[in-house]
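Coordinates in review
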Amino acid sequence: MNGLLLATVFLPLVGAVALWIVAPLGRDAVRWAALAITVGTFICAARLIAHFPADAAGQASYAFTQWNWVGQVPSVNLDIRFALGLDGLGLWMVGLSALLMITSVLVSWDAIKDRAPLFYGMLLLLEFGCLGVFSARDIVLFYIFFEFTLIPLFFLIGIWGSEDRRYAASKFFLYTLAGSMLTFLGLLAIVFWAYGPSSGGEKLVFSIPELTSRLADHPIPMGWQIAVFIALFAGFAIKVPLFPLHTWLPLAHVQAPTAGSVILAGILLKIGVYGFLRFSVPMLPQAAAVMMPWLLWLSVAGIIYGALVALAQSDIKRLIAYSSVSHLGFCMLGLFAFTPTGVQGSVLQMVNHGLSTGGLFALVGMIYERYHTREIASFGGLARKLPVLSLFMLLFTFSSIGLPGLNGFAGEFLILMGMFQRAWTGASVELKPQLLAIAVLAVSGVVLGAWYMLHLVRRVFFGPLREPAVHADEDHAPIADLNLREILALAPLVVFIVWIGLRPADFLTPMNNTLDLATRQVVKEVDKLSPRVHAGIASPEGHRVDAVAKHLLPGD
Amino acid sequence: MPQDPITLCLLLIPGLPLLAAGLAALCGVIRLPLLKENAHWPVVFALLGSLAASAFLFYEVRNAQNPNQNTAASSAGFEKVVPLWTWANIPHAYDLKSQFPEDTGPRDFRIEVTLRADALTAMMLVMVTFVSTLVAIFASGYMHGDRGYWRFFAYIGLFVFSMTMLVSVSNFVLLFVFWEAVGVCSYLLIGFWYEKPEASAAGMKAFLVNRVGDFGFAIAIFLIWTTYGTLNFHDDGAISGILGQSRISTGHYVTGGLATAICLLLLLGACGKSAQFPLHVWLPDAMEGPTPVSALIHAATMVTAGVYMVARCTPLFMASPTAQLVVSCIGGFTALLAGLIALTQFDLKRVLAYSTVSQLGYMFLALGTGMASGVTGGMFHLFTHAFFKALLFLGAGSVMHAMGGVIDMRQFGGLRKLMPITHATFLIGCLALAGVFPFAGFWSKDAVLGSVHDKIHQLDHEIEHRASSHEVAHSPSPLATIPDAQIPAFERIYQILYYSGLFTAFLTAFYTFRAYSLTFHGSERIPPAAGHHAHESPLVMLMPLGILAFFAVIVGVALTNVWGWWIHGKDSVLFAQANWGQNYLAYFLANTPSLAGGLVQSTVSYHPEFHITVAGASTLAAALGIGLALYLYLGERSEVSFLWRLFNLEGSDRLTDPQWVTRLEQVPWIGFVTRRLRGWGLGFLVAIVGYSLGAITLVFFSAPLILLGNFISPYKASYNKFYFDELYHALIVTPLTYVARFCYWLDRWLVDGLVNLAGALPPLAGSLMRSLQMGLVQFYALAMVLGAIVLILARIAWVNW
C-alpha cells in the first residue's frame, strides 16, 4: 500500500505532464486523457480506502512513505522529510478529492473551449496539491502543498472565470496568502519550541506525528500557546472560511468556472478545518480549550449569518456560496465542541458538504451552460422542462438541508448532538448558559438552512415555466435535459450521499481512533477547565457548583 | 429468510411499499405509455401485501402477549426487537453521571437500525396499511390521466414505507429520521402539481413549519441522550432503554424541570407534525395537494405521528404532570380553535382539514390526562378517526372529481341525486365524525372525554387523600410531585378542558353538517368547470368509499366491549378485569411496554369503562349541533344571514355615529338649557360642548368599534383563521427577510469593506515610502547617518540595561 499512496498523489502530476504531450492531438484527446487520469487516481484512492485497517491506531500512518529530503545542514540539524501517509482523517479527504475531480473534469467537458489543455493541466495540478496536503506528514511538505493549491486555482479563476475574474482571483489569492503567512510563522514556532532544550530536541524536527507527541509531553507555555494558536488560526480560519473572514469566498465562487467552484467548495475549504484538526487542536490543546467559547461563537455566527445572507441572494451561485459559509460553520462547531460525537460529525460533515455543495455547484454550472444566466428571478418552473436536472437538484438540496436518510443529516445530527452534550454536561457553570445558547442557535440554523434552499428550489424549479430569453444571435441547440455525461458527473456523488445517509458507520469507524487521538488532549483540558456539573452528583468543586446546578435544573 | 413470523412481517411491511415505489418509478422512467398508465399496480399489490402482513402481525402480537398462551409475556408487556444494521457507532462518546446508579458510566453513541413489534406498533401498522391500500385504489381512479401518474404512486409507496418504518423503529434517532422522511413525502405530495404556485408554496410552508417542530424534537433527543445516555426504546444488554421494560419496572425516570423540558420539546415536535397550535398553520394549506394525499397523509396517517410519539413516550410524560397538563391544554385549545375556524370556511377540503386539526386536538387532550384510559382512548380515537376522516376526504375527492376540481361549496350544491353513493358514504362519515350513536366516532369520542372525566376524578381522590394524609398510598401516584397548592388549579383546568371538549363536540357536529348540507342539499348547482365530469365517480373510487363507510359504522362498536363475550379480562396485564363499554384496543394496547407498567398502571382503577353521563352529554351536544346545522342550511333560512350579521358585528358602525350628540337636544331639560344658553348669546358654549362630545365619541368609541366590525368581528376572525398566517408573516417571516437583506448589505459594505481597507493599506504605505525615494544623494546620506546613530544608541542602551 505504501507505494500506492505515492502513486495516487503523483499520478495527477504525471498526468498534467502527459496532457501537455497529448495537447497537439486536440481537445478531445486532452479531456479524455484528463478523465482517464482522474478516474485512475480515484481507483487508486478507493483501493487505499478499502484496505485501510479499521483498527489502525490513530497516530500510525497507513501507507507511510518517507525519505530524508533536506538533509544535514552543517550548523543546524534539520530533519525535513518527504513523508506521505494516511490516517483516519486524511483518508476521507483524499477520497473526496479524488471523487470530486472526476466530477470537475466532466462538468468542464463542453464548458471549456478556450485553452483546454492548460485548463485540464491546472485541474490536475490542483488535484496533486489537494492530495498532497491531505497526505503530507511533514510540516514543510504540508505547507508547500498548502500554498501550491493556490496557484492552479488562481489561474483557473483568473483565466476561465466570469467578467470580474481578475479581481476575484487576486482577492482570493492575496487574502488566503496573507493568512497563511501567519500560519507559517505559527508552524515554525511549533517546530522551534520542540527543538528547544525544554523539550529535549537535538534536531529540528518537522515530522507532524513526532511534533504532536512531543508537544503532548512538553506543552508550549500558555501565553505563547495562544499566540501560536492565533497565528495558525489566521490561515486556517480564512481558508474555512470562518465568519467574518469569509468575504473572499462568494466573490471567488461567483467568478470561478464550474469546476473551480466544485473544487473550491468541495476540497479547498476543507483544508482549513483539516488544519485545525491536524495542528491547532492536537498541538495546542490548552489554547484551544481556553478559546473554545470564542471559536464556538464564531462558528455559530457563521451558521446563522451565512444562512441569512443566503436568504437574501438573487444569484443562485452566490446563494450556494453563502450556504457554504453556513455549512462550514457546522463543521467548525462540531470540531470545537470537543466531544467525540461532535468531532466525528464535523469530519463527516466535511465530506458531506463536499458531496452536496460540489453537486449543487455542478448543477448551477449546467443551468448556466444552458441559459447563460444565474439570476433566480429569471427562472421558474424548470421542473417541467428539465425533469432530470430538477430531480438531481432536489436530491442535492435534500442532502444539503440535512434530510434524514441522506448524508447531511448524519453529519449535522452528530455535530449538534456533540455540541449539546458539551453545553449541557461538559461546561463549567459560567460557560453553560452561553454554550447552551450556541447549541440552540445552531439547531435553529437547520431551520434557516431548509428555508433558503427550499425557497431557491421553489423559485427556480416550481411554479409556471419561465425561462430567460436566450440570445438569438448565438446558434443554440434547443435547451435539453441532462445528457449522459452530466448524469455520470453527478451519479457518483449521489451514490455516496445515499451510502453515508444509510450507513454512516462505514465512514465513521475508520476515523475513530485518529480523531480520538487528535482530540484526547484537548478534551482533557476542556474537562479540567469545566468540572462536570450534574445534578445530584457531588462535584469536586463542592457546594457552590452543586447549588448552581440545582438552580439550572429545577427540581431535578 | 427469517423464520420467525413477526420478524418476517416487520421486514415485509415497509419493504414491499419501498420496492413498489421503485417499480413505479421505473414505470415512469421507461418511456412506455402502457407502463406509465399502469404504475399503480405494483403499489396497490404491495400495499395489499403489507396489509396482510400487518393483519398477521397484529394477530401474532395478540397471541404473543396473551399470558394465557404465552408465558414469556411478562408483567412489563410484550415487545419484540429486530436489529438490522448499525447506523453509527462512536465508542465512548459520553461519560454519563446519573442519579440512577445503573445509568452511570461510559456510553457509546451506538445507533442501530432496529425494528420492534408491540401492540402500539401493530395497531398503527394495521391502520396505516389499511387506509393507504384503499387510498391507493381510490387514487388509481382519481389520478387517472394525470401527467405525473407514476410519480404519484412512487411517492405514495415511499410515504407508506416511511410511515410504517416510523411506527416500527425502536430508537429516537430513527424515529426522527422517518419523522422527517414522512415530512419530505408530504412536501413532495403537497407540491405534486408543482406548476401551481400555491401548491409549491404550501409544500414549502409545511416543510418549514415542521422543521420548527423538529427543532424542538431534536433538542429533546439531545436532552434525552445527555440524561439517559441511550436513545433506544428497548433494553440493549446492560443498558436499559428509555422505554425499555427494565426502566419501566424500576421507574428510573428523571422528574421535575428536566422532565418537563424534555416533554415540552417533544411536544413541540408533535405539534409540528400533528398540526397543533401554534404550529397548526401548515395543514389547511396542505390541501393544495391531490385529495387522496389529503386523505392519506394529512388526515389519517402522517398527522397522527405526533400522537403516536406522545403515546409511545408515555413513561416520560408520566414523570411530569405539568407537561401533561400542557399537552391537554394544547390539545383542548387546538380542538376548540380549529372547530371555530371550520364553522365559516367555504372550501370543503379546508373544513375537513380544520376538522382534522380539531380531532387531533382531542387526541392530545386525552393523552395529556396521563390516565391509562386517556392514552388508550386517544389511540382509539386516532384509530377510528383514520377511517371516517379518510372516508370524508375521499368523499370530498369524489365531489371534487365530479366538479372538475372545484371545491368551493358556494359554487355547487344539491349533489345528492347526482352522486347518490358518494352522498350516502359521506353522510355516514359525517355521522361518525359528529359522534352519533352507534357510529365509530361516538365510542372513541366518549373514550376521550371519559378520560378527562377520569382525570378529574383522580384529582378529586388525590385531594381527599391528601386531606386525610394519615393513609399510606398503596402505589406511587403520578400526582405525587404536584404541590398541594396546585392540585385544585390542575383540577379546575381539566374541568374547563372537559367542558370545552363538550363544546367542541357541538361545533364539530355543526360544521360537519353545515358542509354536508351545503354540498348535498338545496337546489342542484354545478359549476361550469365540471363539464362532462358531472356524474357519479367510477367504481374504482366508490369501492374504497364503501369499505371505509362500512368500517366507519362498525369499527367503534366492534372494538368496544358491548358484547361481553368478546374479550377475556386476563388478556391484558394492565386492565385486570373487563369492563362493559371499555374499548378492546385499550386491552390490546395495555401490553405495550410503555403502557404496561410504571406510573400509568396506578391510574387504571379510575373507571376504565363506558361513561354513560359523558356519552349522554356529548350526544346532546352533537344533537344540538346537527339540529342547528340542518335547521339553518336545509332550505333557505333567513336566520343564516341574521347570525352572520350578528357575528360580524354588523351595524356596529351605527352605534358609533356621533349624530346622537345633536339628538341630545331633543331631551327636554337639555334642550331647555341649550335654548337658554343660545338665548343669552352663549351658543358657542353649546357648540364647543357638542363638538367635544362628538370628538370624544369618535376617538374612544368609534375607532375601536369600526376596527372590531371591519377586521376582528367573530365572523371575520373565524373566516380569516384568526389571522395566524398574517401574524406569523408580520412577526417572523418579514422581519427575518429584512434582517437577511440587512446582513447582506453589511456583508458587502462593512465586513468586506474592512477587508478592502486592510488590502488598501500596503499600497498606501508603498506610495508613502515611494515619496522618500527622491533621488537626492545628500538626503540618503543624512538618513544613513541618522539611522546609524539610532542603532548605536540602541545598542548602548541595550548593553547598559
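Every residue gets a number counted from 1 within its own chain, in the order that chain's sequence is written. Throughout, the order in which chains and ligands are written sets their labels, letters from A for the former and numbers from 1 for the latter. Selection of residues for local features in this predicted model requires a pLDDT of at least 70, selection of side-chain atom pairs for listing and counting requires 80 or more, and totals for whole chains, interfaces and linings are taken over all residues. The basis for the side-chain values is all heavy atoms of the structure; hydrogens and waters are excluded.

Observations regarding the overall build of chain A
Operational definition: Each helix is a run of H or I in the DSSP string that is no shorter than four residues. Each strand is a run of E no shorter than two, and both are numbered from the N terminus. Working rule for contacts: check all heavy atoms of both residues, and any pair within 4.5 Å makes them a contact. Residue-level accessible areas treat just the shown protein chains as cover; the underlying method is Shrake-Rupley with a 1.4 Å probe.
A count of helical and extended segments in chain A gives 21 helices and 3 strands. Sequence-distant contacts, at least 24 apart, represent 80% of the contacts inside chain A between residues at least 6 apart. For chain A, the exposed area adds up to about 17,700 Å²; of that, 68% sits on carbon and sulfur atoms.

A short note on the interface of chain A and chain B
As a reminder, the rule being used: Buried area is a sum: the accessible area each of two parts loses on coming together, probed at 1.4 Å, counted once for each and added. Here a polar contact means two N or O atoms within 3.5 Å. Within protein one must be a hydrogen donor candidate and the other an acceptor candidate, and residues neighboring in sequence count only if both atoms are side-chain atoms. Gly is placed with the polar residues, together with every amino acid not listed as nonpolar (Ala, Val, Leu, Ile, Met, Phe, Trp, Tyr, Cys and Pro) or charged (Asp, Glu, Lys and Arg).
Opposite the 66 residues of chain A that make contact, chain B presents 61 residues. With both sides pooled, the region where chain A packs onto chain B buries about 5,800 Å², and carbon together with sulfur makes up 69% of that total. By the criterion of area lost to chain B, the three top residues of chain A are Arg384, Phe413 and Trp451 of chain A, representing 11% of everything that side buries. Run the count over chain A and chain B and you get 19 residue pairs in polar contact (both at pLDDT 80 or more). Looking at the side of chain A that touches chain B, the element that brings in the most residues is helix H18 (residues 432-461) of chain A, giving 13 residues. Looking at the side of chain A that touches chain B residue by residue, the classes come out as 43 nonpolar, 16 polar and 7 charged.

Comments concerning the packing of helix H1 (residues 5-29) of chain B against helix H5 (residues 149-168) of chain B
Residues and elements named next belong to chain B. Cut-off, in case you're wondering: Under this scheme, a helix contributes an axis fitted over its contacting stretch, all axes are lines through C-alpha atoms, and angles between N-to-C directions fall in the 0 to 180 degree range. An angle below 35 degrees is read as roughly parallel, one above 145 as roughly antiparallel, one from 65 to 115 as roughly perpendicular, and any other as oblique. We call a crossing left-handed when the near helix sits turned anticlockwise from the far one by less than a right angle, and right-handed when that turn is clockwise.
Two numbers describe how H1 lies on H5: the axes approach to 8 Å, and their chain directions differ by 165 degrees. When the interaxial angle is binned, H1 and H5 end up roughly antiparallel. As for the relative orientation of H1 and H5, their crossing is left-handed in sense. When H1 is examined against H5, the residues Leu10, Ile13, Pro14, Pro17, Leu18, Ala21, Ala24, Ala25 and Gly28 are found in contact with a partner set consisting of Trp150, Phe153, Ala154, Gly157, Leu158, Val160, Phe161, Thr164, Met165 and Ser168. A class-by-class count of the residues in the contact of H1 with H5 yields 15 nonpolar, 4 polar and no charged.

What about unusual backbone geometry?
Residue and element names in this part refer to chain A. Cis geometry is found at the peptide bond from Val240 to Pro241, where omega equals -10 degrees. Within the secondary structure, Pro241 is located in the loop between helix H9 (222-239) and helix H10 (248-255). Residue Pro244 follows Phe243 across a cis peptide bond; omega there is 0 degrees. Phi angles above zero are rare outside glycine, and Arg115 is one such case at about 50 degrees. Positive phi outside glycine occurs at His372, with the angle close to 60 degrees.

Details of the side chain of Asp103 of chain B
Along the chain, the position of Asp103 of chain B falls in the loop between strand S1 (80-96) and strand S2 (105-117). Setting aside its immediate chain neighbours within four residues, Asp103 of chain B contacts Leu96, Ser98, Tyr228, Ser240 and Arg247 of chain B.

A few points about helix H19 (residues 487-520) of chain B
All names here are of chain B. Spelled out, the test is: Helix span, as expected, comes to 1.5 Å for every residue beyond the first. Note on classification: 1.4 Å probe, protein chains only; a residue is buried when its accessible area is under 20% of the maximum for its type, exposed when over 50%, partly exposed between these limits.
Over its 34 residues, H19 extends 49 Å from the first C-alpha to the last, a length consistent with the 50 Å expected when each residue adds 1.5 Å. Burial of H19 is extensive: 26 of the 34 residues sit out of reach of the surface. Backbone geometry just downstream of H19 places Gly522 in the positive-phi region, at approximately 85 degrees.

Regarding the packing of aromatic side chains
All names here are of chain A. Short version of the rule: Planes of paired rings set the category: under 30 degrees apart is stacked, over 60 is edge-to-face and the rest tilted, where pairs are Phe, Tyr or Trp rings (Trp by its six-membered ring) whose centres lie within 6.5 Å. Geometrically, a lysine NZ or arginine CZ counts as sitting over a ring once it is within 6 Å of the ring centre and also within 35 degrees of the ring normal.
For the coordinates displayed, the defined rule picks out 75 aromatic pairs over all chains. Plain terms: the ring middles of Phe119 and Tyr120 are 5.4 Å apart, the flat faces sit at 90 degrees to each other, and that makes the pair edge-to-face. Residue Phe119 shares its accessibility class with Tyr120, and that shared class is buried. Ring plane angle 20 degrees and centroid distance 5.8 Å describe the contact between Phe496 and Trp499, whose orientation is recorded as stacked. Of this pair, Phe496 and Trp499 both sit in helix H19 (residues 484-502), 3 residues apart, which is roughly one turn of that helix. On the accessibility criterion, Trp499 (40% relative accessible area) is partly exposed. Taken together, Phe134, Phe142, Tyr143, Phe146, Phe184, Phe233, Phe236, Tyr274, Phe276, Phe279, Phe336 and Phe338 form an aromatic cluster joined through their ring pairs. The ring of Phe146 carries Lys239 above its face, with NZ or CZ at 5.0 Å from the centroid. If you follow Arg374 out to its NZ or CZ, it ends over the ring of Tyr368, 4.8 Å from the centre.

Focus: the state of the cysteines
The line we're drawing: Working definition: a disulfide is two cysteine sulfur atoms within 2.5 Å of each other.
The full count for this structure, using the stated rule, is 0 disulfides over all chains. Of the cysteine sulfurs around Cys44 of chain A, a residue in no disulfide, the closest is that of Cys130 of chain A, at 17 Å. With no disulfide partner, Cys329 of chain B has as its closest neighbouring cysteine sulfur the one in Cys271 of chain B, 12 Å distant. Cys329 of chain B sits in the partly exposed class, given a relative accessible area of 28%.

As for the environment of Glu524 of chain B
Residue and element names in this part refer to chain B. With respect to the helices, strands and loops of the structure, Glu524 is situated in the loop between H19 and helix H20 (539-558). Residue class for Glu524 comes out partly exposed when judged on its relative accessible area of 45%. Residues Glu524 and Asp484 lie 40 residues apart in sequence; the distance between their C-alpha atoms is 62 Å. When sequence neighbours within four positions are dropped, the list of residues in contact with Glu524 reads Gly413, Gly414, Lys417 and Leu418.

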